[in-house]
Amino acid sequence: MRSFYETRLGRSYVTTILSHSIFGLSGKCRVPGDKSISHRALMLGALSVGETRIHGLLESDDILATVSAIISLGAKVTQLEDQTWQVFGCGVGGMAAPSDVINMGNSGTGVRLLMGLLAGQPITAVLTGDASLRSRPMKRIMIPLGQMGVNFSAAEGDMLPLAMTSPTELMPITYEPPVASAQIKSAILLAGLAAPGETTVLENIATRDHTERMLEHFGAEVRIDGSHSGGKKITVVGQPELIGRPVVVPADISSAAFPLVAALLVPKSEILIEDVGINSLRSGLLKTLVEMGADIIQRNKAGAKGEPVADLTVRASRLKGVHVPAERAASMIDEYPILAIAAAVADGTTRMEGLAELRVKESDRLALIAEGLRGAGVEVEETESSLVVHGIGRAPPGGNTVNSMNDHRIAMSFLVLGAVSDYPIRVTHAETIATSFPNFRNLMNILGTDMRIEGDTE
Ligand code: S3P
C-alpha cells in the first residue's frame, strides 16, 4: 500500500480540471466507500481486541490519515487487497503514546473523532492538520472532553495544532451539544467508552448515527431514547470489552450525489449507482431531489450489517425549485454544494435554510457556492445561514473559473455544473478531490462527462 505520507507527498502539485458540457451520462458505477463509516470502522477496530476486517474501506487521503493515526497509537493495520483492510486493536484504554505529532491532513471528522478516542487513553498527544483543518473550530470538542477531565493546550482561537493529555480516569458526563453535529456526539461517545458509568449525549436534532450503530456491532451497550425534544438521548455504558468484528462499508451517498445530480441535469442521461448507503439520517438529498421532481428509483437491498443500502437508477429530469427546511440540514449537511448546482439549473427558486455550519466546513461553503454560481451566471442570495438560488430552468452560461480553496465538495460540485453549462467551467486546486473521492474524474468520464486535466504546475 502507499503510505499516507507518500500520498501527501504525491499531492505537492496542483491540478486544474476543465469540465465541458456533454450530451448524456449512461452506464453503471459504484462510488467509493462511505467516509464517515470508514473512519469509524478503523477507530473502533483500533479500540477492540482481536481482528476487525473491513470490506469496502474508502482509500482516500482523509481515511489514510486515520490509518496512520491508529498505527501511531499501536494498532496493527494491513491492507489485504483493494478496499479490504485488517485491523488488530489495542482494546479500550490500551493505546500507546505516539512518538510524533499526529497529522490528520484535511479531515475534520478524523481529527474530532480521534480526540474522543484519545480522551480515553492516559497519554499525551499532539494533533495538527493542513491549512484548512488548522482554521476549523475545535472548541466544540474541547469543551465536553475538558468536562470529562482532558487537559488541552491549543493554538489561538482553540484551533489546531493542539496538545491533549488525558487523565487515568475519565469522568462520564451528560452533554447537550450547542450545534447539531455527529462529530461532537461521536467524540463524546468514543471518550465515554473509557469512563466508568454512563455517558449521555442529548441531541435536539438527530444527526447521523453510524457511531451508535457501530458501537453496538462491536459489543458496547448503547441506549437510545428517541423521545428527547424532537431529537434523541444517546447513552453509552463505559468500559466494555470491544471485540473486533467484520464491517462492510456501503458506497458513500455523499459521493454518489455527484454522478446522481449530473445524470439528473444532463438531458438524456440514465445511470445506475450501486450499493449506496441510504441511512435516513444521511439521505435528505434524495428526499429533496424527489420533491424537486427527480426521477430516482431506489431498489433496497439486504444491507451491510447495521446500515441500509440501495441501488439507485437515475434519469434526466426537469427539476423545479423547492424550500429546504432547516430541520433537514443535518441529514444532508455535506450535500448543499451539489444541491445548489441542481437548484441553479432547476425552474424557479430554491430556498435552503439552517446552513450556518456550512461556514465552518472544509471552506466557507456558503460563500464559495454563492461566488461560483454568480460567476456561472446564476442569481443567488446569501445570508449568514441561508442560501436562495434563482434557478434559470436551463443550462447556465458557465465559462468561469472556480478556486475550490482546497474543498473537495466545492471542486466536484462545480465540475458537475460544467457538464451542463454553455461554456466549460474551470476548477483550480482540484487535487483536493483525493480527500474523499480519488477516482472521481475517471468514474465520471466513464459515465460520459468530459473533465480534462488542464496541466500540473508546481
Ligand atoms: C461527519 C459529520 C458532519 C459532516 C462530516 C462527516 C461525521 O460534520 O459534515 O463530513 O462523519 O460524523 P458535523 O458533525 O460537524 O456536522
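Let me sum up the structure you'll find in this document. Everything quoted here is computed from the prediction, not taken from an experiment. (Residues numbered from 1 in each chain as written. Predicted model: local features only at pLDDT ≥ 70, side-chain atom pairs only at ≥ 80, totals over all residues. Heavy atoms only, no water.)

**With respect to the overall build of the protein chain**
Part 1: Assigned secondary structure in the protein chain consists of 14 helices and 24 strands.
Part 2: Since a compact globule built from 458 residues should have a radius of gyration of about 23 Å, the 21 Å found for the protein chain is in line with a globular shape.
Part 3: By principal-axis analysis of the C-alpha atoms, the protein chain measures approximately 60 × 50 × 45 Å.
Part 4: Of the contacts made within the protein chain by residues no fewer than 6 positions apart, 76% connect residues no fewer than 24 positions apart.
Part 5: When the accessible surface of the protein chain is summed, it comes to about 16500 Å², and 50% of that surface belongs to carbon and sulfur atoms.
Part 6: For the protein chain, the distance from the average position of its 41 positive side-chain charges to the average position of its 50 negative side-chain charges is 3 Å. (Helix = DSSP H or I, 4+ residues; strand = E, 2+ residues; numbered from the N terminus. Rg over C-alpha atoms; globule rule 2.2 N^0.38 Å. Contact = heavy atoms within 4.5 Å. Areas by Shrake-Rupley, 256 points an atom, 1.4 Å probe, with all protein chains shown as cover. Lys, Arg positive; Asp, Glu negative; His and termini not counted. Charge placed at Lys NZ, Arg CZ, Asp CG, Glu CD.)

**Details of the sheet that holds strand 6 (residues 102-103)**
Strands pair in a sheet through their backbones, by hydrogen bonds, and they do so in one of two ways: parallel or antiparallel.
Part 1: As summarised here, the arrangement of the four strands in space is 6-7-9-8, forming an open sheet in which the pairing is mixed. Two strands in the sheet have a free side with no partner beyond their single neighbour: strand 6 and strand 8 (151-155).
Part 2: When strand 6 meets strand 7 (residues 124-128), the two strands line up parallel, connected through two bridges. The partner of asparagine 103 across the bridge, within strand 7, is threonine 128. (Pairing = 2+ DSSP bridges.)

**Remarks on the pattern of salt bridges**
Part 1: Per the counting criterion, the structure on display carries 31 salt bridges.
Part 2: Across the salt bridge formed by lysine 185 and glutamate 212, the nearest N and O atoms sit 2.8 Å from each other. Of this pair, lysine 185 sits in helix 7 (residues 182-192) while glutamate 212 sits in helix 8 (residues 210-217); the two residues are 27 residues apart in sequence, bridging distant segments of the chain.
Part 3: Among the residues examined, lysine 185 registers a relative accessible area of 0% and is labelled buried.
Part 4: A salt bridge links aspartate 334 to arginine 409; its shortest N-O distance comes to 3.7 Å. With a gap of 75 residues between them, aspartate 334 in the loop between strand 18 (323-324) and helix 11 (336-345) and arginine 409 in helix 13 (residues 408-418) connect regions that are remote in the sequence.
Part 5: The exposure class assigned to aspartate 334 is buried, which follows from its relative accessible area of 12%. (Salt bridge = Lys/Arg side-chain N within 4 Å of Asp/Glu carboxyl O. Buried < 20%, exposed > 50% of the residue type's maximum accessible area, 1.4 Å probe, protein only.)

**Brief notes about the site of the ligand**
Part 1: Around the ligand, the neighbouring residues are Ser36, Arg40, Thr109, Ser181, Ala182, Gln183, Arg208, Ile333, Asp334 and Lys361.
Part 2: Serine 36 places a side-chain nitrogen or oxygen 2.7 Å from an oxygen atom of the ligand.
Part 3: Glutamine 183 is positioned such that a nitrogen or oxygen atom in its backbone is 2.9 Å from an oxygen atom of the ligand.
Part 4: When the free accessible area of the ligand is taken as 390 Å², the share hidden by the protein chains comes to 95%.
Part 5: For the shell around the ligand, the residue count by class is two nonpolar, four polar and four charged. (Near = heavy atom within 4 Å. Polar contact = N/O pair within 3.5 Å; in protein donor to acceptor, adjacent residues only side chain to side chain. Nonpolar A, V, L, I, M, F, W, Y, C, P; charged D, E, K, R; others polar.)

**A few points about the nonpolar core**
Part 1: In terms of nonpolar packing, the biggest core is built from 79 residues, with Leu260, Leu289, Met352, Leu373 and Leu387 touching the most fellow members.
Part 2: It is helix 9 (residues 253-265) that provides the largest number of residues to this core, a total of ten residues.
Part 3: Not counting residues within four places of it along the chain, the set of residues in contact with leucine 289 comprises Leu260, Val261, Leu264, Ala294, Ile296, Leu319, Leu339 and Ala342.
Part 4: Core analysis: the second largest hydrophobic core is formed by 68 residues, Ala69, Val77, Ile188 and Phe218 among them. (Core = buried A, V, L, I, M, F, W, Y, C linked by side-chain atoms within 4.5 Å.)

**Side note on the environment of leucine 312**
Part 1: Here leucine 312 shows up in strand 17 (residues 309-315).
Part 2: Residue class for leucine 312 comes out buried when judged on its relative accessible area of 0%.
Part 3: Along the primary structure leucine 312 and glutamate 51 are separated by 261 residues, whereas in three dimensions their C-alpha atoms are 33 Å apart.
Part 4: Setting aside residues no more than four positions away along its own chain, leucine 312 makes contact with Leu260, Ile271, Leu272, Ile273, Val276, Leu286, Ile296, Ile297 and Gln298.

**Description of the packing of helix 4 (residues 108-119) against helix 7**
Part 1: In contact at an axis separation of 6 Å, helix 4 and helix 7 are set at 25 degrees when each is read in the N-to-C sense. Compared by their axis directions, helix 4 and helix 7 come out roughly parallel. Helix 4 and helix 7 meet at a crossing whose hand is right-handed. On helix 7, the residues that touch Gly108, Thr109, Arg112, Leu113, Gly116, Leu117 and Ala119 of helix 4 are Gln183, Ser186, Ala187, Leu190 and Ala191.
Part 2: Considering only residue class, the contact of helix 4 with helix 7 consists of six nonpolar, five polar and one charged. (Axes fitted to C-alpha atoms, helices over the stretch in contact; angles between N-to-C directions. Parallel < 35°, antiparallel > 145°, perpendicular 65-115°, else oblique. Left-handed = near helix turned anticlockwise from the far one by under 90°.)

**Observations concerning the environment of threonine 428**
Part 1: Turning to its location among the elements, threonine 428 is positioned in strand 23 (residues 425-428).
Part 2: You can call threonine 428 buried: its relative accessible area is 18%.
Part 3: The sequence separation of threonine 428 and serine 404 amounts to 24 residues, and the corresponding C-alpha distance is 6.0 Å.
Part 4: Sequence-distant contacts of threonine 428, defined by excluding residues within four places in its chain, comprise Thr15, Thr16, Thr401, Val402, Asn403 and Ser404.

**Examining the pairing of strand 17**
Looking along a regular strand, one sees side chains alternate from face to face of the sheet.
Part 1: For strand 17, a buried count of six out of seven residues is recorded, marking the element as mostly surrounded by other parts of the structure.
Part 2: Sheet topology note: the strand 15 (residues 270-277)/strand 17 ladder contains six bridges and is antiparallel. Bridge assignment links isoleucine 273 to a residue of strand 17, and that residue is leucine 312.
Part 3: Note: strand 16 (residues 295-301) against strand 17, seven bridges, orientation antiparallel.

**Focus on unusual backbone geometry**
Generally, phi is negative for residues other than glycine and the peptide bonds are trans, each holding for most cases.
Part 1: Here the residue pair leucine 160 and proline 161 is connected by a cis peptide bond, since its omega of 0 degrees sits within 30 degrees of zero.
Part 2: At glutamine 83, a residue that is not glycine, the phi angle is positive and equals roughly 65 degrees.
Part 3: Tracing the backbone shows glutamine 83 in the loop between strand 4 (76-81) and strand 5 (84-88).
Part 4: The backbone of lysine 268 shows a phi angle near 70 degrees, a positive value even though the residue is not glycine.
Part 5: Here lysine 268 shows up in the loop between helix 9 and strand 15.
Part 6: A relative accessible area of 77% places lysine 268 in the exposed class.

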